[in-house]
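The chain contents come next:
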Amino acid sequence: MEKRIKAGFFAAMMFMLTFFSVVRDVIPLQAAEDLTLKLHYHRADGNYMDWDVWLWEEGGDGGAYAFEDENGEMVATKVVTPGTTSVGFIVRTSDWTKDIDADQFIDIAEMVSGTVHIYVESGVEGYTKEYGEDAVTGTKLVKARYDGETAIEVSMTGEIKGDLAAAFQVKGAAGEIDVTGVTGKEKNAYRVTLKEPLENTKSYTIIYEGNEYKIVMPNIYSTEKFEKEYTYTGKDLGAVWTKEKTTFKVWAPTAEMVKVNLYQEGTPDVNDLTEQLEMQPGENGVWTVERTGDLNGVYYTYEVTVAEETVEACDPYARTTGVNGQRAMVLDLSSTNPEGWEEDADPNAGAAVTDAFIYELHVRDLSMDESSGIQNAGKFLGLTETGTKTLGGVATGLDHMKELGITHLHLLPFYDYGSVDETKLDKPQFNWGYDPVNYNVPEGSYSTDPYHGEVRVKELKQTVQALHRNGISVVMDVVYNHVHNAGEFCFNRIVPGYFSRIDEDGKYANGSGCGNDTASERSMVKKYIVDSVCYWADEYHIDGFRFDLVGLLDTDTINEIVTEVHKNHPNVIFYGEGWTLDTEVTKEGYLLATQTNSRETPGFAYFSDNIRDVIKGHVFYTDERGYVTGATGLEEEVEKCFMGLPEWCESPTQTVNYVSCHDNLTLMDRIARGTPEAKREDRIKMNNLAAAIYMTSQGIPFLQAGEEMLRTKVDSNGGFVENSYASPDKVNSIKWATLEEEEYAKVFEYYKGLIAFRKAHGALRFTDAEEVREHVAAVDGLEPNVTAFAIQGGANGETAEELFVIFNPNTEETWVQLPEGTWNVCINEEQAGTDPIETITTGTAKVSPISAMVLVKGEGEAAETAKPEKNNFRTVGIVAAVAAVGAVIVGIFHKRKK
């Protein structure tokens, strides 16, 4: 059997290498001379501290280049790939403060080799270009692609002068290939005709004026033949440990040889190799080797040879790694389980997705401000601490979230990501983490010890368990749509280019804007993503998954994820960003998981940019006004969103309603940006009205951590930070001490009351569009901009006879006619909750400017059984007192019992 498998394997290699060159970028293998770009940067203030330049070849990945002193000038140097015609640049600081807030591009289409000098003046858009003494300019080759028959299609930067027949040479491993002719085409394109077809098992290059370029071959990975031959369905990839032996399995169908390197430590570049194991090829392109003995705690990598090139890579199925994620670690997962882990469960299991309150948080943001009182600042374990307070006695951290009443904590990426150096945690570093390196490994910088792989696993499990014990489910932010660096990603190193979409010119697709897009339509990429999500749900008891840019993944993959996870965990919720993005799927017949295709993924919800932009104004055009900030004529859009049925959505279970998240401006900052003339007190009213709208709308409510305390992100110059993904903790951390001030405490109490009210009323949480249409109706005949809704009880556990919801964004009060009956006001401009604030029997309600009013009629409106438990953590300001002529606000402070 083994001999037959080997024979079949190596025979199949002939097929696989047919078009193998597609997996490399269209870049020269070598050049006669380097092409070097030197960017000279000048600041009038002479302060270059923390400044560098981000450079990227158009269509490729970017990187930071430091300025160095060269004869009194600050210069950053990049060796450019010959054939590159344009290089993008951003002069910036490490927290992405930009010198010029725009992507700028340097045209070097004329450069063949040598040095080009680019001069940039701080604060001035554009650049000056000068050639070095060694500069060679002229026409150069941009790309070369084999047509699969007897010709190579070549693109040049300009017209070739002289004898076309002698312009190109084609080479293979055995020597030069005969060229029978070269014909010109339009726009500097040429067709190089060969005497015979190229051998599909070989790699080839084309030479023009001394520069040698790899020829791109057509894609095989997405062909039916490849998929049929090399789709593996086993559940045992990676290092499967037992005390007696460890079995290593890796999918590497294009490899000629694979070995396992065993190491003493997980630190890369340390020469502590202890053993090398040669793997054997098996069915469907899987290589296997067993090693007897207890390998728990042993670090390892794969050494893979493809097309005569040998690389070392981490295991894509690694359960944990050493520092910075370059060496995987064999792990006895059961040894990482905290006491009671077998009994750990989702505290909100059995609830509908519309019952959820999702609270989005970055691990560091919770605890890095000194006012948090949290000991494990910036770590997973900071999320487990209870009893933490500000100096003034206000609850922080976990206690705050519990008191607020959230059901689900959405944590920004906490898999192993690439933008934080885990060996330099003594230096300030921050990133949101949307740059995956190891999908199945917790981020080491959030652990107390990133050098020992088991620590991060243990501490994350402790964190999940602590949250569960406090009634909070855990949502993981996952980024399967792109990777940190496509060329260096472990899967692509083992099977070059398979994980990522690559176009016919050999360039990575970039719909993500992050340099690459994941080819989820390929069978083994789909399997990897499905396996990964199932692993997090099984091993870490994760209760929900938020998919970043899910519109780049196909609907089949998303549906399979939901189906497979729900087999063992029917409580798990799924949602993501369904924006339509520019990518090209490598196989026909696939749809992408966008909002507009939501009917194809019924178990998956999508963020509603409709309600977001209608309420506060366009997310990118920040001077535009929204419903709560003074725009007019938006009543119809508000009504659609309130019903949980924007035009792309067929069920309230598929719309995530929000007005702020980690991206873009915070809600309060966006309101301030869009209403420069408004008083602060009015902006706070706008904030509260926005919250009242999305928290009473049909669908799934979602808020950014700190929105309930008027969170703001301000840089050192006092400006609002719109994209704080790499900003320091000073910008991103939650400022807990603000809750000691009445202004902020009142907003917190308002949000807490809104959440309690929604929990108490099932008629705000329907799961079916027909139920919504049957029980919720918009009210006509109101003043311009005012909207109101009558909501009938009698379904979904609603205890009240009827609810009546009014939104008044105008700067003047409005009067609204109520249906007959006695109505209790539970939400108004000042307060929110389940207890009546006042009772109206007159048939009309007076609604204050820039506010919401929610009224309840009938028995059970207080819904005592649904009230959240009162926590005794906070000193608050409570507004009360009514005079005959109007409301007189009196601050009453009291301290809750310990």
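Residues numbered from 1 in each chain as written. Predicted model: local features only at pLDDT ≥ 70, side-chain atom pairs only at ≥ 80, totals over all residues. Heavy atoms only, no water.

What to know about the overall build of the protein chain
- Secondary structure summary: the protein chain contains 15 helices and 48 strands in total.
- The C-alpha radius of gyration of the protein chain comes to 30 Å, within 12% of the 29 Å expected for a compact globule of 898 residues.
- With respect to the principal axes defined by its C-alpha atoms, the protein chain has extents near 100 × 65 × 50 Å.
- Here the protein chain holds 898 residues, and the buried ones make up 58% of them. (Helix = DSSP H or I, 4+ residues; strand = E, 2+ residues; numbered from the N terminus. Rg over C-alpha atoms; globule rule 2.2 N^0.38 Å. Buried < 20%, exposed > 50% of the residue type's maximum accessible area, 1.4 Å probe, protein only.)

Thoughts on a negative patch on the surface
- Taken together, Asp-503, Glu-504, Asp-582 and Glu-584 make up a surface patch of like negative charges.
- You can call Asp-503 partly exposed: its relative accessible area is 32%. (Patch = residues over 30% accessible without salt bridge, like charges linked within 9 Å, V, L, I, M, F, W, Y side chains within 5 Å. Areas by Shrake-Rupley, 256 points an atom, 1.4 Å probe, with all protein chains shown as cover. Salt bridge = Lys/Arg side-chain N within 4 Å of Asp/Glu carboxyl O. Lys, Arg positive; Asp, Glu negative; His and termini not counted. Charge placed at Lys NZ, Arg CZ, Asp CG, Glu CD.)

A few points about empty space enclosed by the protein
- By the definition in use, this model includes 5 cavities of 30 Å³ or more.
- Quantified by volume, the largest cavity comes out at close to 80 Å³.
- What lines the largest cavity is Leu-237, Gly-238, Lys-249, Val-250, Trp-251, Asp-315, Pro-316, Tyr-317, Phe-491, Ile-494 and Val-495. (1 Å grid on protein atoms, 1.4 Å probe; cavity = no way out; pocket = protein on both sides within 12 Å on 5 of 7 lines; lining within 4 Å. Points joined across faces, edges and corners; volume = space filled by probe spheres on them.)

What about helix α7 (residues 523–540)?
- With 18 residues, α7 ought to run about 26 Å at 1.5 Å a step, and its terminal C-alpha atoms sit 25 Å apart, in line with that.
- With 17 of 18 residues buried, α7 is to be regarded as a mostly interior element. (Expected span 1.5 Å × (residues − 1).)

Focus: the nonpolar core
- Counting residues in hydrophobic clusters, the biggest one holds 172 residues, and the most contacted among them are Phe-248, Trp-251, Met-401, Trp-536, Phe-545, Phe-547 and Phe-574.
- By residue number, the principal contributor to this core is α7, which donates 11 residues. (Core = buried A, V, L, I, M, F, W, Y, C linked by side-chain atoms within 4.5 Å.)

Concerning unusual backbone geometry
- Positive phi outside glycine occurs at Glu-209, with the angle close to 50°.
- Topologically, Glu-209 is positioned in the loop between β18 (204–208) and β19 (211–214).
- Glu-209 gets classed as exposed once you look at its relative accessible area, which sits at 56%.
- For Asn-785, which is not a glycine, the phi torsion comes out positive at approximately 80°.
- Structurally, Asn-785 is set in the loop between β39 (776–778) and β40 (787–792).

A word on the pattern of salt bridges
- Counted according to the given criterion, the structure contains 46 salt bridges.
- For Asp-294, the salt bridge identified is with Lys-243, shortest N-O distance 3.5 Å. One end of the pair, Asp-294, is in the loop between β25 (286–292) and β26 (299–306); the other, Lys-243, is in the loop between β20 (238–241) and β21 (245–251), with 51 residues separating them in the sequence.
- Using a relative accessible area of 55% as the deciding quantity, one classes Lys-243 as exposed.

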